[in-house]
Amino acid sequence: MTIMRIINRFLLQKSPPSLSPPRWLCTVVEQSTEAAPPPPESKKKNGLFYKVARGNSKSSVVDILNKWVNQGNDVDKLDIVNLSNYLRRRKNFRAALQLYDWMESTNFGTSNADQAIRISLLCKTDGIAAAENYFNALQASDKTNKTYGALLSCYCKEKMLDKGLEIFKEMNASNYTSTLNYNNMLSLYYAVGKPEKVISLFQEMEERNIPIDLYTYNLLINSYAALKNIDAVEGVIEKMKSNDSDLDLFTYGNLATIYFKCGVHDKAVHYLEIMEKMETKRGEDLFEAYRTRMKLYSAMNDLSGVNRAWEDLKSTFKTPNSTSYLFMLLALSKSGDQENLEKVFNEWEEGCSTFDFRLPNVLMEYYLSRDMIEKASSLYESLVERKIEPNLRTLNFFAILSLKKGGIDSAMKYLEMGLDKMNAGNSKWFPTGETIKLFLNYFEENDDPDRAEKFVQKMKKINRLDSNSTVVKSKAPDAENDDLI
């Protein structure tokens, strides 16, 4: 897969924008439980927060809490809130659920917000049926705007339109109408590819005087864009201005992306330039704004715009994270700027605390696509020396490099490793069509019937070769979402 295809797939979906729930849409659970970081005393090594956060895999959260209480210590609600936020931010949903299991089993005293969080956690850990069973077992007095909203949010994320509609009607009948609940329903319509329903539900919000926020407006903008009604997009912008709604960084980035996808690049540049001139606060999602600028300028082959966004990001954040470096490497690779590509990669490698194979993969693909075998081999050696398990894309590149060097044994080794990893992670794209063709070309040019037969059988087993040994095409995942299994 070429760098341009990676950029286009991972940054710029075909229909403007992608019909999936926007990442910035809050849910009732997420919005109602954010709290300040734990106070310093709770992080001390003898504190409860530290014991749970640093607990080993052999000790469950329940065991740690019981031991803490049995030693004569108290657990207050702030401890629970901070631990819950900590575990959920790190996507340790099972441990967070154990926290709420303990609360209910010890009659600690759970609030309606706690019950809403539990619904969300049950959906993430045990599936939507578990969340529904818990909700249905609640007393009537506990079925409130928060718990209803949590279940609606689950349906939204699972794209279950019929059930979402059913519970949304129940909420309206109970007068649980709010901007957040409407936004969840709007995002569900959008996620299942019904942008016209987003528009009609927005009109209902206006008729019922439900407050409209930036999330609502952006969903409306995206829906008109999905219907290719750019004039209506302009109308939403004017409506926002007339209603004194402040257009934020996300909204401008959203508009720039829409106009780029529609081929109106001058408009896209206009909104990107507004983003560059905006006074920003650290609390805003600046990482996302900088990345949007980098993505779009790169797609328009504007390397100076990419560099401005990169310098702005580094001036705001002392240490950009790996994903930000990945965006920059993709842009430099696409532009063919090898000197700065290697410079930025070395900068990341020297400062990274956790090695992320997505980044050397960009460099490896750059070298291989240009038959720079010596450079690719040097990078390969440095990666092998790290003794860190590579991801599937890396193994695919290792196989390609081995074949280009005539090393069929190592190519077969990396193929075997990738197939084992693919089966464990349920990935279906490995190896890429390009890699399969390289193997077939090798066997056509070399008398190696045993390995050839072994290879063909393996590819047929995973449905990547048909009965005529024709390659069955399969797409690798986007660069940003490389599987790290």
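The rules we used
- Residues numbered from 1 in each chain as written.
- Predicted model: local features only at pLDDT ≥ 70, side-chain atom pairs only at ≥ 80, totals over all residues.
- Heavy atoms only, no water.
- Helix = DSSP H or I, 4+ residues; strand = E, 2+ residues; numbered from the N terminus.
- Buried < 20%, exposed > 50% of the residue type's maximum accessible area, 1.4 Å probe, protein only.
- Contact = heavy atoms within 4.5 Å.
- Areas by Shrake-Rupley, 256 points an atom, 1.4 Å probe, with all protein chains shown as cover.
- Salt bridge = Lys/Arg side-chain N within 4 Å of Asp/Glu carboxyl O.
- Polar contact = N/O pair within 3.5 Å; in protein donor to acceptor, adjacent residues only side chain to side chain.
- Core = buried A, V, L, I, M, F, W, Y, C linked by side-chain atoms within 4.5 Å.

Draft legend 1. Looking closely at the overall build of the chain. Across its full length, the chain holds 26 helices and 0 strands. For the chain, buried positions account for 50% of its 485 residues. Long-range contacts, defined as pairs at least 24 residues apart, comprise 65% of the intrachain contacts of the chain with a sequence gap of at least 6. Approximately 23600 Å² of the chain is accessible, and the part contributed by carbon and sulfur atoms is 46%.

Draft legend 2. The pattern of salt bridges, seen in detail. A complete count under the given rule lists 21 salt bridges for this structure. Here Glu 132 makes a salt bridge to Lys 163, at a shortest N to O gap of 2.8 Å. Pair noted here: Glu 132 is in helix α8 (residues 128-137) and Lys 163 is in helix α10 (residues 161-173), with a separation of 31 residues, a long-range link. The structure contains a network of salt bridges with shared partners spanning Glu 276, Arg 293, Arg 308 and Asp 312.

Draft legend 3. Broad picture of the environment of Tyr 148. Along the chain, the position of Tyr 148 falls in helix α9 (residues 145-158). Given the relative accessible area of 9%, Tyr 148 is considered buried. The spacing of Tyr 148 and Ile 119 is 29 residues in sequence and 9.5 Å in space, taken between C-alpha atoms. Each residue touching Tyr 148, except ones within four places of it in the same chain, is listed here: Phe 135, Lys 143, Ile 167, Glu 170, Met 171 and Tyr 176. A distance of 3.2 Å separates polar atoms of two side chains, one belonging to Tyr 148 and the other to Glu 170.

Draft legend 4. How the structure looks around the nonpolar core. Counting residues in each nonpolar core, the largest one holds 91 residues, and the members touching the most others are Val 233, Met 364, Leu 415, Phe 430, Phe 439 and Phe 455. Sequence-distant contacts of Phe 455, defined by excluding residues within four places in its chain, comprise Leu 415, Ile 436, Phe 439, Leu 440, Phe 443 and Leu 465. Listed in part, the 54 residues of the second largest apolar core include Ile 64, Ala 96, Trp 102 and Tyr 189.

Purely geometric numbers; function is a separate question.
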